Amino acid sequence: LKIQSKSKRKKTIKNFIDCKKNMFFYQLIFFIILSFKYIFGCSIDNEICICNKIINTHLHKVNCSERIFNTIQFPLLNNLLKEEFTYDSVKIVFKNYSVIPNKAFNYFKINELILYYNQIFKVDDEAFSFIYNLNKLHIGSNYITDLNFIRFLYNLTELDLGSNKIEIIKNNTFANLNKLRILKLAINRIIDIEQDGFKNLNKLSILLLFNNKLKSFETKNSNELINLTFLDLKNNLINKVKINNLT
C-alpha cells in the first residue's frame, strides 16, 4: 500500500508538471499572437489596432498613442495609414505635439479624430480641412486659444474643445458648422460670447459651457440655437440668462 501511494504521488506530480508546461506553452503562443498583431496590424473587423507602419484593409480603429515618434513629421500619418481606406477612429493622445500645421492629416478618410492630452497650443487654419468625412473632433485638454481652424470643418457633428485656454467666442466662429449637434466648451476661460458667436448652429442640441467665467448668457436672435435641448452653465459667474426656444 505504501509503494502504491508513492507511485500515485509521483504520477500526480508528473501530471502537475505537464500541466504547467502546457500552460507555459499556451501563454507563449498567446504572447506571440499579440506581438504579431502589434507589428502587422489587426485582421478582425472593428478591432482597435495599434498604429504601425504596416496596415491592412481590415482596420477600422487605430490607436497611435502607444507609438513612439522620434521626430514630428507631417503629414503625420503618411507612412502609417493608407489614403484609400476609411478609418472609424484615429487616436493620438499623451504626446508632445504643440503645433498642428496645415494639411497635417492630408487626404485621409477619418470619421473620428481624437487628440486629447497633447501640448497643442496652435492649430493652423487648414490643419484638418483635407480630412474627408471628419464627423467628430476631440481636441480637449490642450492649450488652444484661437479657433480659426474650426471654420473649415463643414461636416462635424460633434466637437470637443473642453479644457483648453479659450477666452472669447468670436462672431461666426462656428458659422460653417451647420451640421453640429454636440459642442463642448467646458473648463476654459471664456469671459465673452459675441452676438453671432453661435450663428448657424441650428442643429445643435447639446452645449456644455460649465466651468468658465461667463457673467451672462443670451440668445439675441430668434433663429439661434433653435434645437438646443441641453445647456450646462454651472460654475460660471452668471447673473443673467436669456435663452430663446430652449425646450
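Let us look at the structure shown here. (Residues numbered from 1 in each chain as written. Predicted model: local features only at pLDDT ≥ 70, side-chain atom pairs only at ≥ 80, totals over all residues. Heavy atoms only, no water.)

### Here we look at the packing of aromatic side chains
Under the criterion given, the structure shown has four aromatic pairs. When the ring of Phe 174 is compared with that of Phe 198, the centres are 6.1 Å apart and the planes differ by 25°; the resulting orientation is stacked. Of this pair, Phe 174 sits in the loop between β9 (168-169) and β10 (182-184) while Phe 198 is found in the loop between β11 (192-193) and β12 (206-208), placing the two residues 24 residues apart along the sequence. For the pair shown, Phe 174 and Phe 198 are each scored as buried. Grouped by ring-pair contacts, the aromatic residues Phe 174, Phe 198 and Phe 217 constitute a single cluster. Cation over ring: Lys 234 sits above Phe 210, and NZ or CZ is 4.7 Å from the ring centre. (Phe/Tyr/Trp six-rings, centres within 6.5 Å; stacked < 30°, edge-to-face > 60°. Helix = DSSP H or I, 4+ residues; strand = E, 2+ residues; numbered from the N terminus. Buried < 20%, exposed > 50% of the residue type's maximum accessible area, 1.4 Å probe, protein only. Lys NZ or Arg CZ within 6 Å of the ring centre and 35° of its normal.)

### A closer look at the pairing of strand β5 (residues 109-114)
Across a regular strand the side chains alternate sides, sitting on one face of the sheet and then on the other. Across five bridges, strand β3 (residues 86-91) lies against β5 in parallel orientation. Among the inter-strand pairings, Tyr 87 is bridged to a residue of β5, identified as Ile 110. When β5 meets strand β7 (residues 136-138), the two strands line up parallel, connected through three bridges. Across the sheet, residue Ile 114 finds its bridge partner in β7, namely His 138. (Pairing = 2+ DSSP bridges.)

### As for a nonpolar patch on the surface
A surface patch of nonpolar side chains, amounting to about 260 Å² of accessible area, comprises Val 99, Phe 121 and Tyr 143. Judged by its relative accessible area of 39%, Tyr 143 falls in the partly exposed class. (Patch = residues over 30% accessible without salt bridge, like charges linked within 9 Å, V, L, I, M, F, W, Y side chains within 5 Å. Areas by Shrake-Rupley, 256 points an atom, 1.4 Å probe, with all protein chains shown as cover. Salt bridge = Lys/Arg side-chain N within 4 Å of Asp/Glu carboxyl O.)

### Some remarks on unusual backbone geometry
It is generally the case that most residues other than glycine have a negative phi and that most peptide bonds are trans. At Ser 163, a position not held by glycine, the phi torsion is positive, near 60°. As for its position among the elements, Ser 163 is in the loop between β8 (158-160) and β9. For Ser 163, a relative accessible area of 25% translates into the label partly exposed. Of note in the backbone geometry, Leu 225 takes a positive phi value of approximately 55° without being a glycine. With respect to the helices and strands, the residue Leu 225 is situated in the loop between β13 (216-218) and β14 (230-232).

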